[in-house]
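The chain contents come next:
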Amino acid sequence: MFRIIPLIISCCIVGCAVFAQKKNDAYQLQIRKAVSPVKIDGVADEAAWLEADIATGFHMVLPMDTSAARLRTDVRMTYDDKNLYLIVENYTTGDGPYMVESLRRDFAFLKNDNFLLFMDPFDDQTNGFSFGANAAGAQWDGLMYDGGKVDLSWDNKWTSVVKNYPDKWVFEAAIPFKTIRYKKGITRWGINFSRNDLKTTEKSAWAPVPRQFPTASLAYTGNLVWDAAPPAAGANVSLIPYLLGGMLKDYDKATPTKYRRDAGLDAKVAVTSSLNLDLTVNPDFSQVDVDKQVTNLDRFELFYPEKRQFFLENGDQFSNFGYSTIRPFFSRRIGLGGVPIRFGARLSGKLNKDWRLGVMNMQTGKQEETGLPAQNFTVAALQRRVFSRSNLGFIFINKESVNYDPAKVTDKPIYNRYNRNMGLEYNLASSNNFWTGKAMLLKSYTPNKTGHDVAHAANLQYTSKQWNIGWQHEYVGRNYNAEVGYVPRQGYIKVAPQVTRLFFPLSGAVLSHGPQVTSTWFFDEAHMRRTDNETMLNYGIVFRKRNTLNIWASNTYIKLLQPFDPTNTGKDSLVNGSQHNWNTVGADYVSKPQSLFTYSLSARYGGYYADGSRLMTNTELGYRFQPYVSIALSANYNNINLPKPWGNNSFWLVGPRLDVTMTNTLFFTGFMQYNGQQKNMNLNTRFQWRYRPASDLFIVYTDNYLPEPFYVRNRALVLKLVYWFNL
């Protein structure tokens, strides 16, 4: 298996050497210093706008990428000593209202008429910033990474206005130079503009992008050419304190009501124009969205995404190292489950065009009831760009128990004194994005665990308009241990090839269709004996209205490596070593996003463990009274028939959700979840008032109920005030 590493590296070198030049280098927008003040009002009547160059003549990306866009979009940019300015005229067909989901910040791209800016200040085609708005004025901003992904957890201070006219909507914005990071003296930035219009189902971009890639792909940016080096941002220090009050009542344990009075502080310091230091003392994440529950029928730990902003901002160097099931660092291991975070610091950003750095240190307090000691977490990542868009990365992770001796523990669980991981990773991205891949090697260090403590994985992907061909393999040793990571299984070798072929009719309701074959094989580490495999044949159809249909069939084989309860309810377990094989058929349909009423339906039926059967249906319904109210309902049903002692088992998971956006600064969310498998009902409501840019008032109310007999398990109320100071 390790012989494949040289093959991957060779493909990386060949792919990058062949496609060395920037694809859309000829697309250039000149930006000159403003000759007059600019007022952010959605009206392009200032002299600065009348003299600015125009980026127009957008290219269609969807439904097809072979023609000019039908809708006209004009973009102008200028700047002064403090801000970068942008004004966009989005012309329309003029027939009816605009399509928007809500006024909430960081909206869903496919459900809104919107305009987005993708900016690559280092012109490295890998990292950057994104800003934009939908037709109702809701803002979008995020950090760009991996050449085309956007981290929307990043929020910063900037101002914008959207003004509607009969034949167009105008988006005007002022982005402070202090908000973004760029290297002093660079006068050519990568840039592209993207437009989405739901009525015409047209997605377009200024610099052309092949339809198989997102318009955010930095491999296809044009150039923003400055008349002089952008001004230095100057001193840039922000303090973000919070005050919190709340109460918690646990009815299950019949404990007295606990009252919370708390305070904390975040700080952001621009060490250089491209390197940022983030500090936090006694952070609180009570306003973060609750996890969306799932019916758990898996043999291994489920993955729940990180939602806490401190860990998400600029954290892709840490969280994206590895693969979805081999993550050496997973920030949810820090400070959840009642474990307090005392303080933390993160230094991240670009050292220059080729080098990128990320260092984070977090300190948690001890937990008396479980005997968990105070722990210190350190993560360091260094990334070096090679060739046009690829990079070589290094990561080091250290978890250390502070003032802790396992030998002295008698009546509590025993924890390791330390756990460390080191790894190297090569990320391939050819200049035209057709070839992508990764090769990774990790080693762990844990007391009393040596040998078979490495993990290796590699993949190579080819993506053209008609073909998507991929190969991935993984090896995880039985003693590989990532206590601050997410690695749900050890001691295996995995092979996973996949092939997709697409066809494009010249006319008709169908935009593209084609088959996909995927096959995943697991083998035990010691003898290369098969333990799992699943082979799936899928036929996908994408309609011109952007609704989709997938029909699939699969064959599954599993040899259990440990006892397993196939219902995860604690009734009984299938024995270690038992073998199970079954077939399944299924279908998934997602409606067109431009409708006020949207829905998705999916179903599967087939065999299950112990010659049983499983029926699963899932429904997602949504209706919007745009732009103020959005109602959603998800309902998941599983019916499992097994021999005794399990018998027939039915699990419902229902989750209605209400989003109200009274203005683009005033939001309310109510989310209820009923989980029949866990026998729990959860209610979470959140009111948010953004009373100043990046400053918020939150009121969060949470209830947990036992459905039968109905009674309250616990409830909590929190009021939190956050204020952003710029020094």
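Figured I'd write up the structure that's included with this text. (Residues numbered from 1 in each chain as written. Predicted model: local features only at pLDDT ≥ 70, side-chain atom pairs only at ≥ 80, totals over all residues. Heavy atoms only, no water.)

Per the secondary structure count, the protein includes 4 helices and 39 strands. For a compact globule of 727 residues, the expected C-alpha radius of gyration is about 27 Å, and the protein comes in at 26 Å, within 12% of that figure. Once the C-alpha set of the protein is aligned to its principal axes, its extents read approximately 80 × 60 × 50 Å. Expressed as a percentage of the 727 residues in the protein, the buried residues total 52%. Look at the contacts in the protein between residues 6 or more apart in sequence, and 59% of them connect residues 24 or more apart. Split by element, the accessible area of the protein, about 31400 Å² in all, is 59% carbon and sulfur. Taken as two groups, the 81 positive and 63 negative side-chain charges of the protein have centres that lie 2 Å from each other. (Helix = DSSP H or I, 4+ residues; strand = E, 2+ residues; numbered from the N terminus. Rg over C-alpha atoms; globule rule 2.2 N^0.38 Å. Buried < 20%, exposed > 50% of the residue type's maximum accessible area, 1.4 Å probe, protein only. Contact = heavy atoms within 4.5 Å. Areas by Shrake-Rupley, 256 points an atom, 1.4 Å probe, with all protein chains shown as cover. Lys, Arg positive; Asp, Glu negative; His and termini not counted. Charge placed at Lys NZ, Arg CZ, Asp CG, Glu CD.)

What follows is about the environment of Thr 257. Examined against the element boundaries, Thr 257 turns out to sit in the loop between strand S15 (237-250) and strand S16 (258-272). Taking relative accessible area as the criterion, Thr 257 reaches 28% and is therefore assigned partly exposed. Distance in space between the C-alpha atoms of Thr 257 and Arg 715 is 9.8 Å, their sequence separation being 458 residues. Dropping the residues within four chain positions of it, Thr 257 is found in contact with Met 247, Leu 248 and Lys 249.

Let's shift gears to the pairing of strand S10 (residues 159-164). Looking along a regular strand, one sees the side chains alternate between the two faces of the sheet. Taken together, the 6 bridges between S10 and strand S11 (residues 168-176) define a ladder with antiparallel strand orientation. Paired with Lys 163 across the two strands is Val 170, which belongs to S11. Linking S10 to S11, which pair antiparallel, is a turn of 3 residues. (Pairing = 2+ DSSP bridges.)

This paragraph deals with the packing of aromatic side chains. Taken as a whole and judged by the stated rule, the model has 35 aromatic pairs. Judged by centre distance (5.3 Å) and plane angle (55°), the rings of Phe 564 and Tyr 609 are tilted. Placement of the pair is Phe 564 in the loop between strand S29 (548-559) and strand S30 (579-590) and Tyr 609 in the loop between strand S31 (597-608) and strand S32 (612-625), with a sequence separation of 45 residues. Their ring planes at 85° and their centres at 5.0 Å tell us that Tyr 608 and Tyr 609 sit as a pair that is edge-to-face. The two residues Tyr 608 and Tyr 609 agree in class, both being buried. These aromatic residues form a ring-pair network of at least three members: Tyr 27, Phe 115, Phe 171, Phe 193 and Trp 206. Between Lys 443 and the ring centre of Tyr 445, over which it is positioned, the NZ or CZ distance is 5.0 Å. (Phe/Tyr/Trp six-rings, centres within 6.5 Å; stacked < 30°, edge-to-face > 60°. Lys NZ or Arg CZ within 6 Å of the ring centre and 35° of its normal.)

A few words on the layout of surface pockets. The volume enclosed by the second largest pocket comes to roughly 1900 Å³. Lining the second largest pocket are 45 residues, with Arg 260, Ser 286, Leu 336, Gly 337 and Gly 338 positioned closest to its centre. Listed by contribution, the elements that provide at least two residues to the lining of the second largest pocket are S15, S16, strand S18 (341-350), strand S36 (680-692), strand S37 (695-706) and strand S38 (711-722). (1 Å grid on protein atoms, 1.4 Å probe; cavity = no way out; pocket = protein on both sides within 12 Å on 5 of 7 lines; lining within 4 Å. Points joined across faces, edges and corners; volume = space filled by probe spheres on them.)

Turning our attention to a nonpolar patch on the surface. Judged by side-chain polarity, Leu 596, Phe 597, Leu 621, Tyr 623, Phe 625, Ile 631, Leu 633 and Leu 658 come together as a nonpolar surface patch covering roughly 630 Å² of accessible area. Going through the elements one at a time, S32 and strand S33 (629-641) are the ones with two or more residues in the nonpolar patch. Ranked by residues supplied to the nonpolar patch, first place goes to S32 with 3 residues. Within the element layout of this structure, Leu 596 appears in the loop between S30 and S31. For Leu 596, a relative accessible area of 33% gives the class partly exposed. (Patch = residues over 30% accessible without salt bridge, like charges linked within 9 Å, V, L, I, M, F, W, Y side chains within 5 Å. Salt bridge = Lys/Arg side-chain N within 4 Å of Asp/Glu carboxyl O.)

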